[in-house]
Amino acid sequence: METRLLTCLQALVSLSLSPLPGRPLTRLCCPAPTKCSFSSHRRRIHSSLSPLDPRCSAVCRSDVFAAASCSTAASKRTLWFGFLFATGWGGDLAHTACSSPPSRLRISLSHRRTLVGSATVIGEENGVIPQANGSARVRLGATDVIVSIKAELGKPHPLQPDKGKVAIFIDCSPTAAPMFEGRGGEELSTELSFALQRCLLGGRSGAGAGIDLSSLVIVEGKVCWDLYIDGLVVSSDGNLLDALAAAIKVALSNTGIPKVTVNLGASPNDQPDVDVSDEEFLQFDTSGVPVVVTLTKVGRHYIVDATSEEESQMSSAVSISVNQHGHICGLTKRGGAGLDPSVILDMISVAKHVGEQLMSILDSEIAAAEASAEDQ
Amino acid sequence: MATNPSTYALSQSSESKQRLQQRRRLFQETDWTRSDGRSFHQCRPAFLRTGATNAASGSAYAEFGVTKVIVSVFGPRESKKAMMYSGTGRLNCNVSYTTFSTPVRGQGSDHKEYSSMLHKALEGAIILETFPKTTVDVFALVLESGGGDLPVIITCASLALADAGIMMYDLVASVSVSCFGRNLVIDPTSEEEACQDGALMITCMPARNEVTQLTLTGEWTTAKINEAMELCLDACSKLAEVVRSCLKEAASG
């Protein structure tokens, strides 16, 4: 393995010294290792996960830097070796490649009572709205999304009287990209909304749902909470679905549902009297909300957290939502090109691995953001 | 005491709720019989015919159990003037339900989600390069919804496309499975779909062994996904054979 690594490195050095800036992403690798990469604005970390046998792989992008990684699965643990070569002006010498996923993930939490729709003023108290709501803004590199959650009192669906309702709407504003104007934005918006519903809300019977719908019921068959999850794409640089799903998870953790006191009417047919408290709030348990990992197939490899530049070259992409138990809660495919069934299974195992890491990062970021919000 | 309409409505809904709960309990058991007497891994009998409508360049009718679908394909015809120039052909898909297709009278409007899913399922199979600057329209109409609507629509649409003479890499077949506790039930009816824990739908081109569309809901372990995919792919290749024989029959007859 050492000799293999050495060969890889030698190849890398020769490549990374290539003087052409902006050359396309070149990958040198031994037979088809499983790839995933996380990119940052000027930093790119590629890692290789190989589930079967020790392999080594190398990834190079000459205008930024090159990294080589080698892993072994014999001990069921991935070893990371990072090597960086400063070749362009933006090259960062001090970094070593690390096993931590999305380095470009930044989360900021808005204060609970932030005005819906104006979550850009993050952390600022914005007048008091009687309804409880939560919101969050997630930035993945240049991708910027805002999610607001509004809880309103409603009536349960007659066929599911013991369940509340959750609706997810995504809006791709033309301010983010000119192609979002008119029908283009509409198509993308509906596609994202349906994908998120499929990934986060689970099956018909509620199995695998991130949000426990029965917890939203106040009086069975009469009163429940309608949760409106509205996402807004402020700026788009690829991987919108993952960013939106992460934002929804953070926003839910930030959401307070007001405590209600119910006065049942005299006869069972009367609509019960519901008194909404504006002081006491119930917090959501978001540990069950899955994270979404999108694997974009570019050429023969697939990458996570693709930028829009990378997405423009994709043949297809598979979005997989993973919950805290490592179970798959939803899956959708985008892009026309067909995939071999074995590749999909391979993607699922990679997504599970990446999802676990992403989940732990998100959870710690949520905890940190909450702590800082409390300090204020 | 005279029954007033509100109590009547209420008792009916509680009755249906009870029935639903009963069914849900039944489906959680390891062994139960399906309402149409099939075994868990047995698909509904498929009936497929080409030439359902006259005006279309190609059309097909599919009947899987009670699910009945008509798909018409128009074109290739000139793309709308407002469309940007495209060196490859365009595919336009639309799925709609009739107002009488479901037990509760529906709106009969377009089904946006299914339309986009149908588009994604087919676009990978059609050789779009063969009709540049033009558009092919695929219109699907669900006459009766009886479960597994989308797989039936997709399979029927691929037959209609073949009937219209649109170049494709392979016929597209689609099958779904429902998950109930530890059981996997192939080709579910709408009754089963209403209580399922999870669902997996595969659309594939069997001759090329390529999956063009895959959706999954509910909580799944990897082993279960594996099992379900195998089951679906096997059923898909058998279904593609049925579609192929229907085409052959239409060509010879």
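Look up a bit, the structure's there.
Residues numbered from 1 in each chain as written. Chains lettered and ligands numbered in written order. Predicted model: local features only at pLDDT ≥ 70, side-chain atom pairs only at ≥ 80, totals over all residues. Heavy atoms only, no water.

Visitor: Run through the interface of chain B and chain A, naming residues and quoting values.
Guide: Every contact between the two is made by 34 residues of chain B and, on the other side, 36 residues of chain A. Taken over both partners, the interface formed by chain B and chain A buries close to 3000 Å², and the fraction arising from carbon and sulfur atoms is 54%. Across the contact surface, chain B and chain A share two salt bridges. B:Lys120 serves as the salt-bridge partner of A:Glu191, at 3.9 Å between the closest nitrogen and oxygen. For the pair chain B and chain A, the interface holds eight residue pairs in polar contact (both at pLDDT 80 or more). (Contact = heavy atoms within 4.5 Å. Buried area = accessible area lost by both parts, 1.4 Å probe. Salt bridge = Lys/Arg side-chain N within 4 Å of Asp/Glu carboxyl O. Polar contact = N/O pair within 3.5 Å; in protein donor to acceptor, adjacent residues only side chain to side chain.)

Visitor: Requested: an account of the pattern of salt bridges, with residues and values cited.
Guide: Residue and element names in this part refer to chain B. Applying the stated criterion across every chain yields a total of 16 salt bridges over all chains. Between arginine 244 and aspartate 170 there is a salt bridge, and its shortest N-O distance comes to 3.3 Å. Highlighted residues: arginine 244 in helix H5 (residues 222-252) and aspartate 170 in the loop between helix H3 (149-163) and strand S6 (173-180), separated in sequence by 74 residues. Using a relative accessible area of 28% as the deciding quantity, one classes arginine 244 as partly exposed. In this structure, the salt-bridge partner of arginine 208 is glutamate 210, at a minimum N-O distance of 3.2 Å. (Helix = DSSP H or I, 4+ residues; strand = E, 2+ residues; numbered from the N terminus. Buried < 20%, exposed > 50% of the residue type's maximum accessible area, 1.4 Å probe, protein only.)

Visitor: Let's hear about the sheet that holds strand S7 (residues 183-186) of chain B: which residues, and what values?
Guide: With respect to topology, eight strands assemble into an open sheet ordered S15(A)-S14(A)-S16(A)-S17(A)-S9(B)-S8(B)-S6(B)-S7(B), the strand pairing being antiparallel. Bordering the open sheet on either side are strand S15 (301-304) of chain A together with S7 of chain B, each of which pairs with just one other strand. If you compare each strand with its neighbour and ignore which way they point, the axes differ by 20 degrees on average. Inspection of the sheet shows strand S14 (residues 291-298) of chain A paired to strand S16 (residues 316-322) of chain A by seven bridges, in the antiparallel sense. Across the sheet, the residue bridging to A:Val293 is A:Ile320, located in S16(A). The strands touched by helix H2 (residues 183-200) of chain A within the sheet are S14, S16 and strand S17 (328-334) of chain A together with strand S9 (210-220) of chain B, with S17(A) carrying the most contacts at an inclination of about 155 degrees. (Pairing = 2+ DSSP bridges. Axes fitted to C-alpha atoms, helices over the stretch in contact; angles between N-to-C directions.)

Visitor: I'd like to hear about the packing of H2(A) against helix H2 (residues 112-123) of chain B, residue by residue, with values.
Guide: As a packed pair, H2(A) and H2(B) sit with axes 10 Å apart at the nearest point and diverge in direction by 95 degrees. Compared by their axis directions, H2(A) and H2(B) come out roughly perpendicular. Residues A:Glu186, A:Thr190, A:Glu191, A:Phe194 and A:Arg198 of H2(A) lie in contact with H2(B), whose contacting residues are B:Lys112, B:Glu113, B:Met117 and B:Lys120. Looking at the contact of H2(A) with H2(B) residue by residue, the classes come out as two nonpolar, one polar and six charged. (Parallel < 35°, antiparallel > 145°, perpendicular 65-115°, else oblique. Nonpolar A, V, L, I, M, F, W, Y, C, P; charged D, E, K, R; others polar.)

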